[in-house]
Amino acid sequence: MSLIVAENLAKSYGRVVAVDGLSLTLDEGSVTGLIGPNGAGKTTTIKMILGLLKPDKGVVKVFGQNPWDNPAIRSMIGVVYEKAFFPAHQKTLEYLQRVCRIFGVSESRAMEVLELVNLQEASDRQIKALSAGMLQKFAIAHALVHSPKLIVADEMTANLDPQARSELLDVVLQLNRDEKAAFLLSSHILPELSRVCDSVAIINRGKVWAFGKLSELYEKYAVGIIRVSTDSSYALEAEIRKLKYVKGLESDIRGISVRVVEGKEDELYEDVPKLAKKIKAKILGIETGSASMQELYRLAIGAKERK
Amino acid sequence: MGKGKPFLEVLASAIHEDFRFPFLELFAFFYALGTFALASFTAILSAQITTNEAVAYSVTNSLISGSLIVFFILILKNVAYGLGSDLEKGIIQTYFSYPLRRRGILTAKLISAIGVSLLLFLGIQISALYILAPDIVLPQFGTVILTYVANLSYPLLIAALMLLMTLKLRRGGIGLVVGIVLYVAMNIASGIAFFVAVATESPLAFQILSVISPTYALQYHYGGLSGVSGVFSVPWVPTLSETLLYTGASYVIVASLFVLGYIYFSRRLNL
């Protein structure tokens, strides 16, 4: 069953087109990442899905219903906004207990969710006294109070330190595994999404440029990737770039990812050692690799741009 | 899950924010100060008031005059600043994640912003009336109620306009400035209306003003009853029915503006 069905959504702010004919579905129990550059239309899409914005065109259904002013579906959705704001002068635990009463769940759940995000020590603190990272954790706890079937999060891990990010992603995986909660996660931090997402929607200029299971997208956009590890990345990269059958190339601390014309992988395996010998670089490893989420994102955007 | 629970919790949360320490205590003090210490009975003592209704009106009016400004400041704070900053910061957005209709959220915010302020105002006022003038006021309860209803019309009109501006612009500061300007403008307009009425020997200007602030119609109705008149007086003594009509008309305008606010909040407000 599809929890979210968005068809041909469009939204403009004056002359600025934020979303233009966007279609998307999110299935029960899935973890879908929404990735795209700044201004791509991610937040506008999320707001239309949550019923905060009315689409100019198109239809969005959440749990089969129109999300605009629909209290019935809100009991099944947990929301984490990019910038979280709560009544500032209330204490964290007290406010979450209030939220428990709103959703009709036991007040003991308030402490449970605070513990889940490691915020139990701030249970007696006023919300206004929380740091940006703590406020973000609090927003996540707030979204989990009623054990929603769907969690929509816009830049959920913003403001969090690496350890907290990692712990939070574990929580996402755990909720997805144990409670079959579905997630729609928008993030700029692509490695995080690759850790938890099974599907990805790449949004650019208000449209979905690529959407599907991660494995399908890798198959479609990231074939012909070969990873070369070397002690002299920059010099070797320059040499490899000169090869005519190389379509794209990226370097990071792990080495060089080379994308070649389909069928030319073997030639690269032969050419790379020769080039390394020429510049006296040492090859530490060469293997057919899978693209990182970052590479996938660039490949998908690049493929679409070329069209 | 009970249907009323989310509404009550959002209301409690809004009241917690609007009346956090020391606002409730401070405004209760100012209300008491305005009611008990700043009430002006000079006009009543010096006037040749001839009817019981006029006496009840004058006593009630003199009590209201000292603390109506406090009520006005409180709704300025809560509607323009409170609701405005909730919209601006995203707290309304957070409330929208709860299983409650949009109109329920606005009602909770308005009850907190205006309803609680009104209860505080009326609670202290009625206690004061009961303590200070039970013999005059209790037999003329209808007059007392009418005086309150007429006096509250204009602040509520300003509150409704501030609500619309705050919702449209999502900037509490602008609503706040507009509210203050409107409050001052009414005092200036009544001064101008007085000169126009005296110069033209026509009450038209006051009749127009009475549609948005029926306290003028009430003032001239009881002024006529009491026989109070100065060297320059407005040639207008509206009947009680006319006064009620002006009061009704003013509340139709207030109610219409609030309904507009509700429609906008429920159907149009994009966050």
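Within every chain, residues take consecutive numbers counted from 1 along the sequence as written. Labels are handed out in written order, letters beginning with A for the chains and numbers beginning with 1 for the ligands. Restriction of local features to residues with pLDDT of at least 70 applies here, the model being predicted, together with a cutoff of 80 or more for giving and counting side-chain atom pairs; totals for whole chains, interfaces and linings are based on all residues.

A short note on the interface of chain B and chain A
Quite often, the size of an interface is put as the accessible area lost when its parts meet.
Moving on, step 1. The interface of chain B with chain A comprises 23 residues on the first partner and 21 residues on the second.
Moving on, step 2. A helix here means a DSSP run of H or I that spans at least four residues, while a strand means a run of E at least two residues long, and both kinds are numbered starting from the N terminus. Looking at the side of chain B that touches chain A, the elements with two or more residues in it are α1 (4–18) and α5 (91–95) of chain B.
Moving on, step 3. In terms of residue class, the side of chain B that touches chain A is built from 8 nonpolar, 8 polar and 7 charged. The contact criterion used here is simple: two residues whose C-beta atoms, placed from the backbone, lie within 7 Å are in contact. The classification used treats Ala, Val, Leu, Ile, Met, Phe, Trp, Tyr, Cys and Pro as nonpolar, Asp, Glu, Lys and Arg as charged, and all other residues, Gly among them, as polar.

Quick notes on the domain arrangement of chain A
Moving on, step 1. When its domains are assigned, chain A resolves into domain 1 (2–218) and domain 2 (223–289).
Moving on, step 2. Relative to domain 2 of chain A, the C-alpha centre of domain 1 of chain A lies at a distance of 39 Å. For the domain bounds, the source is a domain assignment made automatically or taken from a database.

A short note on the confidence of the model for chain A
Caution applies to low-pLDDT regions: their predicted coordinates should not be interpreted in detail.
Moving on, step 1. Looking at chain A as a whole, the pLDDT averages 87, with 94% of positions reaching at least 70.
Moving on, step 2. Within chain A, no element has a lower average pLDDT than helix α11 (residues 293–306) of chain A, which sits at 69, and none a higher one than helix α3 (residues 92–103) of chain A, at 96. Predictor confidence is given residue by residue as pLDDT, running from a minimum of 0 to a maximum of 100.

Side note on helix α4 (residues 52–89) of chain B
All names here are of chain B.
Moving on, step 1. Here the expected span of a helix is defined as 1.5 Å times the quantity of residues minus one. Between its terminal C-alpha atoms α4 stretches 52 Å, which fits the 56 Å expected from 38 residues at 1.5 Å a residue.
Moving on, step 2. What is called the bend at a residue is the angle between a pair of axes, fitted to the seven residues leading up to and ending at it and to the seven starting from it. Helix geometry: α4 is bent most strongly at G66, by close to 40°.
Moving on, step 3. Neighbour counting defines burial: a residue surrounded by 20 or more other C-beta atoms within 10 Å of its own C-beta is buried, one with 12 or fewer is exposed, and intermediate counts give partly exposed, using backbone-placed C-beta atoms. A large share of α4 lies buried, amounting to 28 of its 38 residues.

Some words on the sheet that holds strand β8 (residues 199–204) of chain A
Residues and elements named next belong to chain A.
Moving on, step 1. DSSP-based pairing: two strands are paired if at least 2 bridges between them are found. Ordered in space as β5-β6-β7-β3-β8-β9, the 6 strands form an open sheet in which the pairing is mixed. Because the sheet does not close on itself, it has two edges, and the strands there are β5 (77–80) and β9 (207–213). Between one strand axis and the next, the sheet turns through 15° on average, direction left out of account.
Moving on, step 2. Looking at chain direction, strand β6 (residues 150–154) and strand β7 (residues 182–186) are connected through 5 bridges and run parallel. In the sheet register, V152 faces β7, and the bridge partner there is L184. Geometry is summarised by axes, namely lines fitted to C-alpha atoms with helices restricted to the contacting stretch, and by angles between N-to-C directions that run from 0 to 180 degrees.

Let's talk about the nonpolar core
Moving on, step 1. One nonpolar core equals one set of buried Ala, Val, Leu, Ile, Met, Phe, Trp, Tyr and Cys residues connected by C-beta atoms within 7 Å. Within the largest apolar cluster, 148 residues are counted, with the highest numbers of intra-cluster contacts made by V152 of chain A together with V79 of chain B.
Moving on, step 2. It is α4 of chain B that contributes the most residues to this core, 17 residues altogether.
Moving on, step 3. Not counting the four nearest positions on each side in its chain, V152 of chain A is found in contact with I46, I49, L50, I77, V79 and L184 of chain A.
Moving on, step 4. I225, I256, V258 and L275 of chain A belong to the second largest nonpolar core, which has 13 residues in total.

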